[in-house]
Amino acid sequence: MVPLSGRNAIESRNADATILPEIVAKSHDFRQNQSRNQGEISNQIKAFRILHGRLSKLLSGVLAALIGFQIMGQAPAAFAEARIERLTGGSELRTINGIALAPDGTLVLTSVWSESIHRLDPTTGDISLLVAPGLGRSDDAAFSASGEMFWTDPISGVVRSIDANGKIRNVTTNMPGANSIAFSRDGNRLFIGQTFFDDDLWEVDPNGVNPPRLVVANTHGVNAFAFGPDGMIYGPVTRKDSLVRIDPESGALTVIATDLHHPVSARFDSKGQLYVLNGVDGSVVRIDPETAETKLIATTSPAMDNMVINRNDIAYLANMADNAVVAVDLSSGSVRTLTTSKLAFATDIETFRSESGDQIIVTDRTALRSVDSATGEVREIARRMTSPLLFPSAIDVEGTRAVIVSELLTDRASSFVQLLDLSSGEFLQTIDNLDAPTDALLLPTGEIVVAQARSGNLLRINGNDRHVLAAGLGIPTSLAKGPNNTVYVAEAGSNRLLAISLVDGVVTEVASGLDAPRSIAVAPDGSVVVLSGAGEVYVVNVASGEAELVASGLAVGFLSEPYPRSGGVSVGSKGEIYVAADRESAIYRILLTQ
């Protein structure tokens with residue numbers, strides 16, 4: 001557990017604070033940042049009032065009348081000091097999905113969930129940001145003969161490219177689920193495979209002039225594919241556990257291997273031998289395309305998502321749950337980890353009491369993990385591919401059950417909420433057809449309340465019954481249980497904290513001026529802790545509406561458009577504040593003294 005100074009925390013955030021797409025010219029050595037972040041500190045706190053004079057008194061009366069708050073005694077004294085510690089984690093990468101080999105031998109790492117593209121030097125370990133969130137959302141990438149990089153954005157259905165001068169352009173649009181991407185062996189013809197939202201295979205003009213040509217429809221979703229020495233396309237069909245060969249001219253499709261284990265990538269080595277990466281068990285196998293005979297080369301960890309092979313026949317594997325890049329020597333089968341982290345992309349947290357003390361659950365975008373609040377030990381609850389877990393982005397715990405949000409920011413209602421029994425590990429329910437959900441609450445009655453950012457409402461779900469609890473909200477981003485049948489809501493669009501009655505949906509403003517609140521939690525004394533998208537932590541007195549700034553400059557807010565979508569806050573049983581610092585995939589603990 002490493003104490004962080006307020007100034008160094010600000011430096012860490014600012015070092016990675018770019019939110020508009022750009023090319024970062026030089027490498028950023030994260031290990032140096034970690035070294036600079038050592039040392040114990042005290043944060044001098046700036047306290048300020050949000051509501052003044054008569055308005056503050058009026059608000060107190062309104063709250064007491066409308067939602068039955070019992071205001072007892074005097075307001076808590078202002079906090080004099082905040083001590084910030086890193087509890088666990090730390091990485092500059094966030095949930096790696098795709099991997100490609102650049103002409104200079106470095107590795108390009110793509111990410112759908114952190115919406116960014118990074119470069120990794122496999123020799124030095126240096127990491128640099130290539131394309132920031134927004135246009136950097138990407139599942140896979142490939143390079144043309146001229147060295148121009150192309151990538152797919154399956155969520156928006158766009159294929160983009162970036163030239164040597166850093167200019168980004170749309171190559172083609174209106175291709176939902178654009179996922180796998182590869183050039184012909186001469187680097188001139190570009191092919192795109194759709195998965196999840198559609199399942200066709202297309203040839204796309206790299207110049208963006210001619211319309212896409214359909215090669216074959218209804219492939220069941222060909223994942224990361226490659227061109228063989230014979231000019232044919234070889235690719236895994238993940239949903240069918242199979243490997244197929246496709247003629248790029250006629251579209252003729254032949255199944256050449258079955259009974260694979262969630263295959264995610266197919267590549268050729270320098271000798272023309274074909275390899276497949278199985279995602280569910282992390283195994284790399286060599287397959288004879290004529291006989292379908294397989295040979296196991298190496299076994300790594302589950303949730304592998306892509307693979308690339310360099311000219312020396314070293315395979316580089318990307319693991320989304322471990323936030324890792326692993327090198328496999330195809331001749332010997334030896335395995336070496338280039339980079340990994342305890343947390344992949346911490347987008348939200350929840351704290352609950354267990355027999356061993358406070359436990360923190362982290363939605364890690366491709367995994368669900370717990371962190372021991374005393375030791376910082378990280379344990380895995382579930383991960384992609386080996387469980388029904390989807391893409392967790394927010395969480396709430398009620399008793400032994402958790403409700404987990406999986407947000408897909410598309411132009412359609414295609415997101416999910418899952419119900420998980422934490423004691424057994426069983427997924428009990430999946431709720432679909434949700435419109436950009438940001439958070440959910442599991443009520444003691446078993447009902448679920450979901451905040452939908454795009455619709456601007458709270459949806460109350462009881463079995464198959466759904467009804468709108470409150471509408472007309474300005475981008476609700478977070479929920480927390482309040483007293484007397486109320487729910488607190490962070491409203492990022494108007495920078496407010498609201499209280500909404502679960503009985504009749506009446507909305508009451510608690511505080512304002514909170515600077516794009518991202519996440520909220522209720523402290524043992526009844527105050528509400530608010531984390532802003534800019535990495536600020538406020539403590540709000542719900543009786544007076546006063547908000548005190550207790551920490552700032554935290555490494556929070558990597559995803560900030562179109563509203564704050566990453567980073568979370570929770571409160572321990574003794575009032576400790578825990579923050580999911582998504583920019584660093586780390587967990588902070590903030591200890592306050594009065």
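## A look at the overall build of the chain
Within the chain, the regular secondary structure consists of 3 helices and 50 strands. Split into buried and exposed, the 594 residues of the chain put 60% on the buried side. Long-range pairs, those at least 24 residues apart, make up 48% of the contacts in the chain between residues at least 6 apart in sequence. Total accessible area on the chain stands at roughly 22,400 Å², and carbon and sulfur atoms take up 48% of it.

## Remarks on the confidence of the model for the chain
When pLDDT is averaged along the chain, the result is 87; 86% of the residues meet or exceed 70. Confidence drops under a pLDDT of 50 for residues 1-77, and excluding neighbours within four residues, the segment shows 162 contacts in the predicted structure.

## Here we look at the sheet that holds strand β8 (residues 140-143)
If you trace the 4 strands from one edge of the open sheet to the other, you get β8-β9-β10-β11, paired in antiparallel fashion. Across the chains shown, the open sheet's two edge strands, defined by having one partner strand only, are β8 and β11 (168-172). Neighbouring strand axes in the sheet, compared pairwise and without regard to direction, differ in orientation by 30° on average. Where strand β10 (residues 158-162) and β11 come together, 4 bridges link them in antiparallel fashion. Each bridged residue has a counterpart across the sheet, and for Arg-160 the counterpart in β11 is Asn-170.

## With respect to the sheet that holds strand β29 (residues 357-363)
What the 4 strands build is an open sheet, ordered β28-β29-β30-β31; its pairing is antiparallel. The open sheet has two edge strands with one neighbour each: β28 (348-354) and β31 (378-383). On average, each strand axis in the sheet is inclined to that of its neighbour by 25°, with strand direction left out of account. Pairing between strand β30 (residues 367-372) and β31: 5 bridges, direction antiparallel. Residue pairing across strands places Ser-370 opposite Arg-379, the latter belonging to β31.

## Things to note about the pattern of salt bridges
Applying the stated criterion across every chain yields a total of 29 salt bridges. Here Arg-589 ties to Glu-85 by a salt bridge, and the two come within 3.1 Å at their closest N and O atoms. Note that Arg-589 is positioned in strand β50 (residues 586-593) and Glu-85 in strand β3 (residues 81-89), a separation of 504 residues in sequence. Summarising the burial analysis for this pair, Arg-589 and Glu-85 share the class buried. One continuous salt-bridge network, built from bridges that share partners, spans Glu-115, Arg-137, Asp-153, Arg-160, Arg-365, Glu-407 and Arg-565.

## Examining the nonpolar core
If you look at soluble globular proteins, the nonpolar side chains tend to sit buried side by side. Val-537, Leu-554, Ile-577, Val-579 and Ile-590 are the most contacted members of the largest nonpolar core, which has 20 residues in total. Counting residues per element, the ones that place at least two in this core are β3, β45 (528-532), β46 (537-540), β47 (547-551), β48 (568-571), β49 (577-581) and β50. Apart from the residues lying within four places of it in its own chain, the contact partners of Ile-577 are Val-529, Val-537, Val-539, Val-569, Ser-570, Tyr-588, Arg-589, Ile-590 and Leu-592. Formed by 19 residues, the second largest nonpolar core is a distinct cluster that contains Tyr-275, Val-284, Met-307 and Met-320.

## Observations concerning the side chain of Arg-245
Along the chain, the position of Arg-245 falls in strand β18 (residues 242-246). Apart from residues lying up to four places away in sequence, Arg-245 is in contact with Asp-230, Met-232, Ile-233, Tyr-234, Ala-252, Leu-253, Thr-254, Ile-256, Pro-289 and Glu-290.

## What about the pairing of strand β26 (residues 324-329)?
Each regular strand carries side chains that alternate between the two faces of the sheet. Buried residues dominate β26, accounting for 5 of its 6 residues. Two elements, strand β25 (residues 314-319) and β26, share 6 bridges in a ladder whose sense is antiparallel. Its bridge partner being in β26, Ala-315 is matched across the sheet by Val-328. Hairpin remark: β25 followed by β26, antiparallel, with 4 residues in the connecting loop; positive phi at Asn-323, about 55°. Pairing analysis gives 4 bridges linking β26 to strand β27 (residues 335-339), with the strands arranged antiparallel. When the sheet's bridge partners are listed, Ala-327 is paired in β27 with Arg-336.

## Let's talk about the packing of aromatic side chains
This structure, assessed with the given rule, holds 5 aromatic pairs. Consider the rings of Tyr-234 and Phe-268, whose centres lie 5.3 Å apart with planes at 75°: the pair is edge-to-face. Of this pair, Tyr-234 sits in strand β17 (residues 233-237) while Phe-268 is found in strand β20 (residues 263-268), placing the two residues 34 residues apart along the sequence. Judged by centre distance (6.4 Å) and plane angle (85°), the ring pair of Phe-345 and Phe-558 falls under edge-to-face. One end of the pair, Phe-345, is in the loop between β27 and β28; the other, Phe-558, is in the loop between β47 and β48, and 213 residues separate them in sequence.

## Here we look at the pairing of strand β34 (residues 415-421)
For β34, the buried fraction is high: 6 of the 7 residues fall into the buried class. Judged from the 6 bridges that link them, strand β33 (residues 401-406) and β34 form a sheet pairing that is antiparallel. Note that in β34 the partner of Ala-402 across the bridge is Leu-420. Sheet analysis places β34 next to strand β35 (residues 427-434), joined by 5 bridges and oriented antiparallel. Bridge pairing links Ser-415 to Leu-434 in β35. Turn length for the β34-β35 hairpin, with the two strands adjacent in sequence and antiparallel, is 5 residues, and the turn residue Gly-425 shows positive phi of about 80°.

## Here we look at the environment of Gly-533
Its place among the elements puts Gly-533 in the loop between β45 and β46. Residues Gly-533 and Gly-567 lie 34 residues apart in sequence; the distance between their C-alpha atoms is 7.6 Å. Those residues within four positions of Gly-533 in sequence are excluded, and the remaining contacts are Asp-515, Ala-516, Arg-518, Val-556, Gly-557 and Pro-564.

## With respect to unusual backbone geometry
Residues Glu-561 and Pro-562 are joined by a peptide bond in cis, for which omega reads 0°. The topology assignment puts Pro-562 in the loop between β47 and β48. If you check the backbone angles, Ser-585 has positive phi at about 50° while not being a glycine. You can see Ser-585 is positioned in the loop between β49 and β50.

Rules and cut-offs
- Residues numbered from 1 in each chain as written.
- Predicted model: local features only at pLDDT ≥ 70, side-chain atom pairs only at ≥ 80, totals over all residues.
- Heavy atoms only, no water.
- Helix = DSSP H or I, 4+ residues; strand = E, 2+ residues; numbered from the N terminus.
- Buried < 20%, exposed > 50% of the residue type's maximum accessible area, 1.4 Å probe, protein only.
- Contact = heavy atoms within 4.5 Å.
- Areas by Shrake-Rupley, 256 points an atom, 1.4 Å probe, with all protein chains shown as cover.
- pLDDT = per-residue confidence, 0-100.
- Pairing = 2+ DSSP bridges.
- Axes fitted to C-alpha atoms, helices over the stretch in contact; angles between N-to-C directions.
- Salt bridge = Lys/Arg side-chain N within 4 Å of Asp/Glu carboxyl O.
- Core = buried A, V, L, I, M, F, W, Y, C linked by side-chain atoms within 4.5 Å.
- Phe/Tyr/Trp six-rings, centres within 6.5 Å; stacked < 30°, edge-to-face > 60°.

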